[in-house]
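# Analysis of the macromolecular model
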Amino acid sequence: MKKWIKPFTAMLMAVSLIGGLGGATTASAAKSTEKGKIVINGSSALLPLTLQAASEFKKDNPKVKISASAAGSITGPQSVRKGIADIGAVDWDASKDVPGFKKFDGLVANPVAVTVFTAVVNSNVGVSNLTTKQLQDIFSGKVTNWKEVGGSDANIVVVNRKFGSGTRVNFQQKALDGKDFMSKGDNYKEVGSSGDMKTTIETTPNAIGYIDLPYVTSKMKAVSINGVAPTEKNVLNKTYKVWGIGYYMTKGQPTGATKAFIEYIQSSKFQNGSLKKLKFIPLAAVK
């Protein structure tokens, strides 16, 4: 796990970096003349990718400034529509209707990565595989003790993401087959970001939640679903279904420094390099 993953909780709401790459899709030894400022808001699931890309981007584009914050997917296109962000990072294509959210007219969806989502449990939980039905029962509150699904006699603590989370949208639709979440109870918690989910699962005995692979640590376990582990291999062989494409939403087609930054993330250099190391999957791999 890269060393910058650890302070994510503090970083999620306000992260400022300097970056840039000009208009090319591959790195260049020469410094770019591209200049300007790029403001990014939205998905915390995509934040590891954004931070790493911006860090690399500045090496060739010192005159481009990037500020990134991650308050949840829905804030991304909202911020772009309001004119307070240039890029809205979202875990679904916000130019189209999805369950629970209307499309954002006038915004362009620029795909940047394939994200694998997984159910996760605290390291003390003795369960490593759950069926779709068991997940539905746990997250709806019907099953409340781990012994009901093959674990020890302990109350299940359900950790959910707040409404507007792209991770929540993907997990509900693809892991729970659209079934509703519980919304209250003594053993129910809601968190606002992927970083908060990571910390809560790590520190809460008997907890279960869901997150994307870049945030999974040794203090938690990624849970197989119907006997299929959440791995790149299983996504590519089409046996693991809980994944989605992450997008950078822009108002119209991107231009200038914004266009250059998106093109850098979409470049084969980044897609097959840092992006894969972060446990995302290159776009070209899932055509």
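Quick summary incoming for the structure in this document.

The rules behind each value
Residues numbered from 1 in each chain as written. Predicted model: local features only at pLDDT ≥ 70, side-chain atom pairs only at ≥ 80, totals over all residues. Heavy atoms only, no water. Buried < 20%, exposed > 50% of the residue type's maximum accessible area, 1.4 Å probe, protein only. Helix = DSSP H or I, 4+ residues; strand = E, 2+ residues; numbered from the N terminus. Core = buried A, V, L, I, M, F, W, Y, C linked by side-chain atoms within 4.5 Å. Contact = heavy atoms within 4.5 Å. Polar contact = N/O pair within 3.5 Å; in protein donor to acceptor, adjacent residues only side chain to side chain. Axes fitted to C-alpha atoms, helices over the stretch in contact; angles between N-to-C directions. Parallel < 35°, antiparallel > 145°, perpendicular 65-115°, else oblique.

Attention shifts here to helix α5 (residues 166-174). When you tally the buried positions in α5, you get 7 out of 9 residues, the bulk of the element. Buried residues of α5: G166, T167, R168, V169, N170, F171 and Q172, and no others.

Take the nonpolar core next. Counting residues in hydrophobic clusters, the biggest one holds 74 residues, and the most contacted among them are I138, F139, W146, I208 and F261. Element by element, the count of residues in this core is highest for strand β5 (residues 107-122), at 8 residues. Apart from residues lying up to four places away in sequence, F261 is in contact with I38, I40, T50, A53, A54, F57, I66, I87 and Y248. Counting residues in each nonpolar core, the second largest holds 13 residues, with I74, A85, V98 and L107 among its members.

We now examine the side chain of T250. Within the fold, T250 resides in strand β11 (residues 243-251). Relative accessible area serves as the criterion here: at 2%, T250 is assigned to the buried category. A polar contact of 2.7 Å, which involves the side chain of T250, links it to the backbone oxygen of G252.

When you line up the elements, V169 lands in helix α5. Residue class for V169 comes out buried when judged on its relative accessible area of 11%. With 78 residues separating them in the primary sequence, V169 and D91 have C-alpha atoms 8.2 Å apart. V169 has contacts with W92 and F101, leaving out every residue within four places of it along the chain.

Our next topic: the packing of helix α2 (residues 47-57) against helix α8 (residues 256-266). The contact between α2 and α8 brings their axes to 10 Å, and the two run at 110°. Classified by the interaxial angle, the pair formed by α2 and α8 is roughly perpendicular. For the pair formed by α2 and α8, the contact residues are L49, T50, A53, A54, E56 and F57 on the first element and A257, A260, F261, Y264 and I265 on the second.

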